[in-house]
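Structure at a glance
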Number of protein chains: 4
Amino acid sequence: MNTFGNIFRLTSFGESHGEAIGGVIDGCPAGFLLDFNFIQQELDRRKPGQSDITTSRQESDRVEFLSGVYDGKTTGTPIGFIVRNSNQHSSDYDNLKDVFRPSHADYTYFQKYGHRDHRGGGRSSARETITRVVAGAIAKQILNKQGITINAYTSQVGTVRLETAYQELDFDKIEKTPVRCPDWEVAEKMIELIRQVRSEGDTIGGVVTCVCKNVPAGWGNPVFGRLNAALANAMMSINAAKGFDYGMGFDGVHHRGSEVNDLFYSDNQHIRTKTNYSGGIQGGISNGEDIYFRVAFKPVATLLREQPTIDIHGNETALRAKGRHDPCVLPRAVPVVEAMAAVTLLDYYLQNH
Amino acid sequence: MNTFGNIFRLTSFGESHGEAIGGVIDGCPAGFLLDFNFIQQELDRRKPGQSDITTSRQESDRVEFLSGVYDGKTTGTPIGFIVRNSNQHSSDYDNLKDVFRPSHADYTYFQKYGHRDHRGGGRSSARETITRVVAGAIAKQILNKQGITINAYTSQVGTVRLETAYQELDFDKIEKTPVRCPDWEVAEKMIELIRQVRSEGDTIGGVVTCVCKNVPAGWGNPVFGRLNAALANAMMSINAAKGFDYGMGFDGVHHRGSEVNDLFYSDNQHIRTKTNYSGGIQGGISNGEDIYFRVAFKPVATLLREQPTIDIHGNETALRAKGRHDPCVLPRAVPVVEAMAAVTLLDYYLQNH
Amino acid sequence: MNTFGNIFRLTSFGESHGEAIGGVIDGCPAGFLLDFNFIQQELDRRKPGQSDITTSRQESDRVEFLSGVYDGKTTGTPIGFIVRNSNQHSSDYDNLKDVFRPSHADYTYFQKYGHRDHRGGGRSSARETITRVVAGAIAKQILNKQGITINAYTSQVGTVRLETAYQELDFDKIEKTPVRCPDWEVAEKMIELIRQVRSEGDTIGGVVTCVCKNVPAGWGNPVFGRLNAALANAMMSINAAKGFDYGMGFDGVHHRGSEVNDLFYSDNQHIRTKTNYSGGIQGGISNGEDIYFRVAFKPVATLLREQPTIDIHGNETALRAKGRHDPCVLPRAVPVVEAMAAVTLLDYYLQNH
Amino acid sequence: MNTFGNIFRLTSFGESHGEAIGGVIDGCPAGFLLDFNFIQQELDRRKPGQSDITTSRQESDRVEFLSGVYDGKTTGTPIGFIVRNSNQHSSDYDNLKDVFRPSHADYTYFQKYGHRDHRGGGRSSARETITRVVAGAIAKQILNKQGITINAYTSQVGTVRLETAYQELDFDKIEKTPVRCPDWEVAEKMIELIRQVRSEGDTIGGVVTCVCKNVPAGWGNPVFGRLNAALANAMMSINAAKGFDYGMGFDGVHHRGSEVNDLFYSDNQHIRTKTNYSGGIQGGISNGEDIYFRVAFKPVATLLREQPTIDIHGNETALRAKGRHDPCVLPRAVPVVEAMAAVTLLDYYLQNH
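Residues numbered from 1 in each chain as written. Chains lettered and ligands numbered in written order. Predicted model: local features only at pLDDT ≥ 70, side-chain atom pairs only at ≥ 80, totals over all residues. Heavy atoms only, no water.

1. Observations concerning the sheet that holds strand β7 (residues 79-84) of chain C
- One open sheet accounts for 5 strands, arranged β1-β2-β3-β7-β4 (chain C); its pairing is antiparallel. Looking along the sheet, the strands with just one partner apiece sit at the ends: β1 (3-4) and β4 (63-65) of chain C. (Pairing = 2+ DSSP bridges. Helix = DSSP H or I, 4+ residues; strand = E, 2+ residues; numbered from the N terminus.)

2. As for the relation of the copies chain A and chain D
- Each copy of the sequence occupies a distinct position, and chain A is placed on chain D by a rotation of 180 degrees and an axial shift of 0.0 Å, giving an RMSD of 0.0 Å. What the rotation and shift describe, once combined, is the action of a two-fold rotation axis.
- Interface overlap between copies is the fraction of interface residues in one copy that are interface residues in the other; for chain A against chain D it reaches 100%, indicating a shared surface. (Least-squares fit on C-alpha atoms with pLDDT ≥ 70 in both. Contact = heavy atoms within 4.5 Å.)

3. Brief notes about the interface of chain A and chain D
- Listed as interface residues are 39 residues of chain A and, on the opposing side, 39 residues of chain D.
- Here chain A and chain D share an interface that buries about 3,100 Å² over both sides, 58% of which is from carbon and sulfur atoms.
- The three residues of chain A that bury the most area against chain D are Leu66, Tyr70 and His115 of chain A, which together make up 20% of that side's buried surface.
- Across the chain A-chain D interface, the total number found is 2 salt bridges.
- Residues Arg84 of chain D and Glu64 of chain A are paired through a salt bridge, measuring 3.0 Å at the closest nitrogen-oxygen approach.
- Elements that contribute at least two residues to the side of chain A that touches chain D include exactly β2 (9-13), β3 (20-26), β4 (63-65), β6 (73-74), β7 (79-84) and α2 (106-113) of chain A.
- With 4 residues, β2 of chain A is the single largest residue contributor to the side of chain A that touches chain D.
- Looking at the side of chain A that touches chain D residue by residue, the class counts come to 12 nonpolar, 16 polar and 11 charged. (Buried area = accessible area lost by both parts, 1.4 Å probe. Salt bridge = Lys/Arg side-chain N within 4 Å of Asp/Glu carboxyl O. Nonpolar A, V, L, I, M, F, W, Y, C, P; charged D, E, K, R; others polar.)

4. With respect to the packing of aromatic side chains
Residue and element names in this part refer to chain A.
- Here the structure, examined in full by the defined rule, presents 54 aromatic pairs over all chains.
- Their ring planes at 80 degrees and their centres at 5.4 Å tell us that Phe100 and Tyr107 sit as a pair that is edge-to-face. The pair Phe100 / Tyr107 is uniform in exposure class, with both members buried.
- Its end group placed over the ring of Trp184, Lys173 keeps NZ or CZ at 4.9 Å from the ring centre. (Phe/Tyr/Trp six-rings, centres within 6.5 Å; stacked < 30°, edge-to-face > 60°. Buried < 20%, exposed > 50% of the residue type's maximum accessible area, 1.4 Å probe, protein only. Lys NZ or Arg CZ within 6 Å of the ring centre and 35° of its normal.)

5. Overview of the environment of Ala234 of chain B
Residue and element names in this part refer to chain B.
- Position of Ala234 relative to the elements: it lies in helix α5 (residues 227-236).
- Here Ala234 falls in the buried class, since its relative accessible area comes to 0%.
- Among residues more than four places away in sequence, those in contact with Ala234 are Phe4, Arg132, Met340 and Thr344.

Following this line, the structure appears as C-alpha cells:
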C-alpha cells in the first residue's frame with residue numbers, strides 16, 4: 001500500500017538507489033495556480049547536507065512534473081512527478097548485500113518479500129519522503145489560501161527539551177537555526193548535543209511538535225475517520241516515528257477532568273474554548289482551536305561506528321557505515337511532519353468543499 | 001466513515017440512546033467455529049457496573065447475530081449483529097438538549113452535522129465501542145488459533161505508574177483487579193486514587209499498555225500501510241485516546257542509537273533480536289518479536305460536579321451530570337484496546353494467508 | 001465485499017433464511033427529512049406476490065431503522081436497518097442440502113467458502129436486494145429534491161421487445177401494468193408470454209431500460225471512476241444481470257461516426273446536444289443530457305419442472321422446485337435497477353456538493 | 001480517481017501531449033522474473049501506425065521502469081514507469097483550443113474542471129491506455145504462469161459480425177490479420193468495410209470478444225465484488241466502450257430457463273457444466289468454465305471530414321481533424337481489453353493466494 005489519502009491521494013514509488021523517486025497526486029482541485037519555487041524550497045528543506053549537524057551527503061533533488069499541470073495551473077487530472085536519483089553509488093553498499101543492519105528494515109523486508117534491494121535501504125530509505133514533501137508543498141499552498149498555516153519544529157533532542165508552550169514561540173525563528181527549534185537558547189543546546197553525539201559516531205532521537213492554525217470547526221469523520229486518528233496514521237507512516245500524541249497527550253493523563261476540561265465561552269458570536277487541552281479536536285472533529293500534536297522519533301539506526309550483526313545465513317559479522325549520515329533525524333523530519341499534516345488536512349478540506 | 005479494516009472489515013452503527021448498536025463484519029474467513037460464550041464474556045468485560053470504581057450504571061448487553069453464521073460456523077458472508085439499548089432513559093438528557101458539554105463532542109457534532117442526537121452523547125458515546133469488542137472477540141479467536149495472544153492492562157492512572165517491564169508481569173492477574181493492572185500493589189494505589197477522585201466528583205486519565213505475542217515476521221505494508229501506523233490509527237479511533245507510542249516510544253527518544261539498536265542473533269536458525277526497543281516492528285513490518293504499545297487516555301469529560309458552559313445560543317449556563325459515570329475510563333478501555341489490536345492484526349493476517 | 005459506494009456507502013448483510021436482512025448506510029447527508037412511507041412503498045414494489053405473473057410467495061418486508069435518524073431527520077451518523085425474515089420454512093430446502101442447483105450460485109459458493117447456507121440460496125438469494133431498495137429509496141428522495149428523476153421499465157421479455165424510444169413513453173404508466181412496461185400493448189404481450197412460460201414450469205429473461213433525467217453536467221471521475229463504469233458495476237452487481245450498455249450501446253455499433261456524433265448547439269446559453277447517442281455521458285462525465293442504459297437479465301434458474309443435476313459427491317440426481325418462484329425476474333428487477341442507479345448517482349452528487 | 005484494483009493496483013497519470021504518460025503498479029508479488037520484451041511487444045500491439053486500417057500516426061512508445069524491479073525481478077515495492085510523449089506537435093491542436101469536438105470529452109472536462117488541456121484530448125486521449133497495457137502485460141505473465149490465458153479478438157465491425165462460437169476459433173490467427181479477427185474470411189470483410197469507411201473520412205464501431213481460460217472456481221466476492229461486475233467496471237473504463245455483457249448476454253435473454261440452465265456433470269472428480277451460458281461465472285464467482293464476455297465500442301468521434309460544432313462561447317463553428325486518426329478503434333482496443341481483463345483477474349488471484 002503506497003497510497004495515502006482519500007480524496008487528495010498521493011501514490012508514491014521509488015527506491016533510494018533506483019532510477020527515480022516519484023509519485024502521483026490524484027484528486028488535486030483544478031485551476032489552482034502553483035508556485036513551483038515554493039515546492040522546490042520545501043524539497044530543499046528536506047535535503048541532506050544543509051548544515052554540519054545533518055548528513056554531509058549532497059543531494060540536489062530537482063522535481064520534474066510530468067502531467068496534471070497546464071499553463072502553471074492544476075488541471076484536475078493526476079499530477080505525476082519524478083525526482084531522479086543522481087547519486088547512485090550502489091557499489092558503496094556492496095558490503096551490505098547479505099547483512100541485516102540492526103534496527104533497519106533489512107530483515108523485515110527480506111522476510112516479507114523474499115529478496116530486497118539492499119542499496120541504501122531501498123524503499124525503506126528516508127529518500128522516500130521526497131514524494132511526501134512535494135505533495136505537502138502543493139497541499140500547503142491550497143490550505144494557505146484558506147488561511148490555514150502549519151508549522152512544525154524540533155521540541156526535543158535527547159534530553160534537551162523545549163519547555164515553552166507553542167503559543168509563546170516565534171515560528172519565524174524556526175528556519176533560522178539548523179536544528180529547527182525556534183528558541184535559540186534551547187537550539188544551541190540541541191546543536192551542541194548533536195555535535196557531541198556525532199563526534200562519538202552515535203545518533204540521538206527527539207520530538208517534533210506541529211501546530212496547525214485556523215482549521216475551521218467540523219473537519220473529521222467519526223468514528224473511524226477521526227481527524228486525530230488520521231493525523232496519527234500520517235505521522236506514524238514517517239520513517240523512525242515511534243509515537244504520536246495531541247492536545248494534552250501522554251503528559252496530561254495525570255490531570256483531573258476538572259483541570260483539563262476546556263470550558264466554552266462565546267467570543268463575539270464565535271464559540272471558543274478558554275483552554276485547549278483537547279488540542280483542537282473533540283470527538284474526532286476539529287473545533288476551530290489550534291490543532292497541535294507531537295511526534296517522537298527514535299535515533300537514526302545507522303551508526304558511524306562498528307556494530308555487530310548477522311548476515312542472511314545467520315553468521316555473525318560486523319558493519320560500520322561510511323561517513324555520510326545524519327546524527328539526528330529531527331531537523332530534516334520537520335518538513336516531512338508538516339507535509340504529512342498538510343496532506344491529511346487537505347483531504348478533510350476537500351471532503352467539506 | 002464508520003468502517004474499519006481492509007479485508008476483515010467492521011462497519012459500525014448506533015447511538016447510545018437509539019434502538020440498537022450494531023455492526024457488520026465483512027471478510028471473516030469461512031468455516032470458523034465461533035465460541036459465542038467468549039464473545040459475550042468480552043462484552044461483559046466492557047460493560048458498565050462491573051465494580052465500584054467504574055460507573056454504577058447497569059447495562060446488560062446481549063449480542064444478537066443476524067447473519068453470516070450457520071451451524072455455529074462462519075459462512076464467509078457478512079456477519080450482521082445488534083445489541084439492543086435496553087436502558088433508554090432519554091428524558092434524563094433533556095437538560096442537555098441545547099447545552100454544549102465541555103470537552104465532549106457536542107459542539108463539534110453540532111458544527112459538522114447541523115443538528116445532533118443529544119441523548120447520552122449519541123454516536124460519540126462510549127457505547128459505540130460495543131461493536132468493536134464483538135468484532136475483536138471474533139478476531140481474537142481466529143488469531144489465538146494461530147498462537148497469537150493479545151493482552152492489555154492499565155499501566156498508569158493519574159500519577160500512579162506501573163514501572164515494571166511487561167516481560168516481568170503475570171498477565172493472568174490482569175482480570176483479577178477491577179482496575180485491570182496485573183501488579184496488585186500498584187493496582188491498589190490506582191484504585192485508591194480512583195476512589196479519591198470519584199469522591200470529589202472528578203475524573204482521572206491514564207495509560208493502557210498492550211502486548212501482542214507470536215505475531216510472525218512479515219506483517220505490514222510499507223510505506224502507507226505500516227503495521228505501526230495501522231495500530232496508531234486503530235487506537236486513536238477509540239474515545240478519549242490522546243496518544244499512541246510503541247517500542248521505545250516517547251520515553252526512549254533521549255537514548256543514543258548505540259543504546260537502543262536491537263542487535264540480531266541467530267537462535268537455532270531463527271533470527272531474533274537481543275533487545276526489543278523496536279517494539280516488534282521495523283520499517284513498518286513485524287519482525288517476530290513481541291509487539292507492544294501504549295495508549296494515553298484523557299480523564300472522562302463528564303464530571304459529577306457543576307461545570308460552567310454555554311448553550312447553542314451562546315448563553316452562559318451550568319451543568320452537572322447525574323450519578324452514573326466512570327471516574328476513570330481505563331479499566332473499561334482495556335478490552336477495547338485489545339479488540340482494536342485484534343481487528344488490526346487479523347487484517348494483516350488475512351493479507352498474508 | 002459487501003459495501004457499495006464511496007461517499008454514500010451501503011454495507012449489506014443477511015441470508016434469505018437467516019434471522020434478518022439488513023444494512024448500514026454511511027455518509028448520508030445530515031438534516032434530511034425522510035419520507036418513511038416512500039421507503040416502504042419502494043420495498044413493496046420489490047416484494048414477491050404482487051401479481052399472478054410474479055411469485056405467489058407472500059413476503060411482508062417491514063424495515064426497522066435502528067440508528068442515524070432522529071426526529072424523522074437523518075443525523076449524518078450511519079443508518080442501520082433490518083428487515084426480519086418472517087417466512088423461514090427452512091425445512092422446505094432440506095432436499096437441496098447436498099445438491100447443486102443448475103445455474104445457481106450453489107456450486108461456486110461451495111467452492112469458495114467450503115460450506116454454505118443452502119436454504120433458499122442463502123446470501124445469493126434475491127432477498128439480498130432488499131437492502132439496495134431501502135438505500136435506493138433514501139437516495140432517490142435526496143436526488144429528487146435536486147430535480148433528478150430515475151425511471152426504469154421492462155423493455156424486453158423474451159422476444160417481445162418494446163421498440164419505442166424512451167422519449168415517447170409515459171413513465172406514469174409503468175406501475176400500472178404488473179410487468180412494469182409503460183406501453184400497454186407491448187405489456188399485454190409480455191404478460192401473455194410470461195403466463196405461457198409459467199404454465200410450462202419454465203422461466204424467461206429480458207431487459208430493463210433505465211432513464212435518469214436532470215443529472216447536471218460534470219459528474220464522473222476519469223479515468224477509473226467514469227460514471228458509466230460505476231453504473232455498469234452497480235447493475236452487474238444485481239442477481240441474474242448478464243449485460244449492461246448505455247447510449248447507443250450494442251445496437252449502435254454498426255453506425256458510422258458521422259451518424260452518431262452528437263452535435264452541440266447553444267440553447268439559450270446552455271450547451272446541449274441535438275442527439276443523444278452518447279447516453280448523457282462523454283469521457284466518463286455526465287454532459288447534462290438524459291442518462292439512459294439497459295440491463296440484460298437471464299431467465300430465473302429455478303424451474304418448476306424437473307431438472308437433472310449432481311450432488312456434492314458428484315452423484316447424479318434430479319430436483320424440482322416447489323411452486324413459489326418467479327417465471328420472470330423483470331418486473332421485480334425494475335425497482336432494484338432504479339435503486340442501484342439512485343445509489344450510484346447520489347455518490348457522485350455528494351462528491352460534487 | 002485514477003487508480004484501478006484492490007490488491008494489484010494501477011495508478012495512472014499523463015496527458016497525450018504532456019511530458020509523459022506513466023503509472024505506478026502497487027501490490028505486485030515479489031520475486032517474479034519479468035519478461036520486458038513481452039511488455040514492449042504488448043505496447044507495440046497497442047501503438048498507432050501498425051497497418052493501413054489504423055491511424056498512420058507513428059508513435060514509438062518505449063517504457064522506462066523507474067522502481068520496483070531489481071535484477072530483473074519484482075521486489076514487491078511499487079513499480080513506477082513512464083512512457084515519454086515523443087510526438088508533441090501541440091500546435092496542431094491550436095484550432096481546437098476553444099472548440100468542443102462532438103462526442104469527445106471536451107465539453108464535459110470543461111464543465112467539470114473549469115479549464116482543460118485541449119491538446120489531443122489531454123487526459124481523455126486513448127494514449128492513456130498505454131499504462132493499462134503495461135500493467136496488463138505484467139499481470140498476464142503472472143497469470144500465464146498459473147496456466148490462465150486471455151485472448152481477445154474483434155468479433156464485429158459495423159454490420160460485419162463473426163458468428164462462429166469462440167470454441168471453434170483458432171486464437172493463433174488473431175494477430176495475423178490487422179483487424180485482429182481470427183476468421184480470415186470475416187476479417188477480410190471487416191478490413192474492406194474499414195477501408196471504405198476511411199475513404200469517406202468516416203469511422204465505424206464494433207465489438208471485441210474476450211475469452212479467459214483456466215480461471216479456477218472460487219474467484220469473486222459477492223455481493224458487491226462480483227467478478228462479472230469487476231469485469232464490467234474494467235471494460236467500461238476503456239475509452240469509447242458503450243456496453244458489456246458476458247455469457248449469454250443480451251443475445252440470450254429471449255431464451256427459456258430450461259434452454260440455458262447449465263447442467264452439471266462430474267468429469268473424473270471435477271464438477272463441470274455441459275453448457276456454459278453462464279459465461280464461467282455464477283453468483284458472481286468463477287465456476288471453472290471459460291469466462292467470456294463482449295465489449296461494444298462506438299465509432300471513433302474524430303472524423304476526417306468537416307463537422308459543425310460550437311465553441312466555448314456558444315458560437316457556431318466547424319472543425320475537421322487532420323489526417324492521422326483511426327477509422328475504427330477495434331484492432332487497437334483488443335490488447336487493451338486483454339490488459340484490463342488480466343489486471344482484473346490478477347486482483348482476484350492475489351486475493352486467493
